Amino acid sequence: MEKKQPANWYALYTAPRAEKQVEDRLKKKGMSCYLPILRTRRVWSDRIKIVDVPLFNSYIFVYCEEHQLRDLLKVYGVIRIVYYDGRPAVIRPKEIEAIREFLSLAENQTLCVGEEVEILTGAMKNISGKVKKIKKNYLILFLEQLGATVVVKVEEVAKVKRIK
C-alpha cells in the first residue's frame, strides 16, 4: 500500500513577466497557489502611477503534493520546479505567512493622490490632510483644517484608517 504524502508549499519558476498568467492557469486547473503582489509607485517622465508587481520576479508558490508537481510543468509559462538539495524545495507555511504579513504592512505604506494622511512629527503633528502631489521623497498635502498646503517628507506621514 502506497503511503500518501502530505501537501506542502513549493516554488515554481515562471517565464519572465508571466507570473499573473501562470497564476490564472493554475487556478483554472484547481490548484491552490499564491503569487505575492506588491503595490508600488512607478515613475515615468510624464506621470507617477501605482502598479501591482510580483514581489519575487518569475516565482509563484503552489500548495500540492510532491507527485503533482511534474504535471504543473505542462502549464504554459511554468519553466521549472525550484529544487534544493536534489529535491523540490519545500517552503514552510510560516515563511508563506511571513510574506503575507510583510505585504500587509507594505500595503499600508503605499500612498495615492487624494488619500488622507496624518502628519506624525513636527509642529503639525496629528494634523491630517489630503495628498495633492507625490514626489520622490516628499508629499504635497492640503490641510483642510488650516486651509494651507504644506510639503512633508514621505516617512513623516501615515495613512488615516477609517472605520467602515
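Everything discussed here concerns the structure shown above.
To start, this report covers the structure provided alongside it. What you see is a predicted model, and the numbers here were worked out from it, not measured in a lab.

1. As for the nonpolar core
Phase 1: The biggest cluster of nonpolar side chains holds 16 residues, and the ones touching the most others in it are Leu-12, Leu-26, Ile-60, Val-62, Cys-64, Leu-69 and Leu-72.
Phase 2: Element by element, the count of residues in this core is highest for strand S5 (residues 59–64), at three residues.
Phase 3: The contacts of Val-62, once residues within four sequence positions are left out, are Asn-8, Trp-9, Tyr-10, Leu-12, Leu-26, Ser-32, Cys-33, Leu-69 and Leu-72.
Phase 4: If you look at the next biggest cluster of nonpolar residues, it comprises 12 residues, including Val-117, Ile-119, Ile-127 and Ile-134.

2. Concerning the layout of surface pockets
Phase 1: Here the largest pocket defines a volume of roughly 280 Å³.
Phase 2: Looking at the largest pocket, the residues that line it are Pro-16, Arg-17, Glu-19, Lys-20, Gln-21, Arg-42, Asp-52, Val-53, Pro-54, Asn-57 and Ser-58.
Phase 3: Among the elements of the structure, helix H1 (19–28) and strand S4 (48–54) are those that each provide at least two residues to the lining of the largest pocket.
Phase 4: Its residues placed into classes, the lining of the largest pocket shows three nonpolar, three polar and five charged.

Parameters at a glance
- Each chain has its residues counted from 1, running along the sequence as written.
- Given that the model is predicted, a residue must reach a pLDDT of at least 70 before its local features are reported, and side-chain atom pairs must reach 80 or more before they are shown or counted; all residues, however, enter totals for whole chains, interfaces and linings.
- Values shown for side chains rest on all heavy atoms present in the structure; no hydrogens or waters enter the calculation.
- Throughout this description, the term nonpolar core refers to a set of buried Ala, Val, Leu, Ile, Met, Phe, Trp, Tyr and Cys residues connected via side-chain atoms within 4.5 Å.
- With a 1.4 Å probe rolled over the protein chains alone, any residue whose accessible area is under 20% of its type maximum counts as buried; one over 50% counts as exposed, and the rest are partly exposed.
- The secondary structure listing takes helices from DSSP runs of H or I that are at least 4 residues long and strands from runs of E that are at least 2 residues long, numbered from the N terminus.
- Only heavy atoms matter for contacts: two residues are in contact if any of them lie within 4.5 Å across the pair.
- Detection works on a 1 Å grid of protein atoms alone, calling trapped sets that fit a 1.4 Å probe cavities and calling open sets with protein on both sides within 12 Å along at least five of seven lines pockets, with lining residues defined by an atom within 4 Å of a point.
- Grid points are joined across faces, edges and corners, and a volume is the space filled by probe spheres set on the points.
- Three residue categories are used. Nonpolar comprises Ala, Val, Leu, Ile, Met, Phe, Trp, Tyr, Cys and Pro, charged comprises Asp, Glu, Lys and Arg, and polar comprises the others, including Gly.

From the geometry alone we can't say anything about function, so treat these as descriptive.
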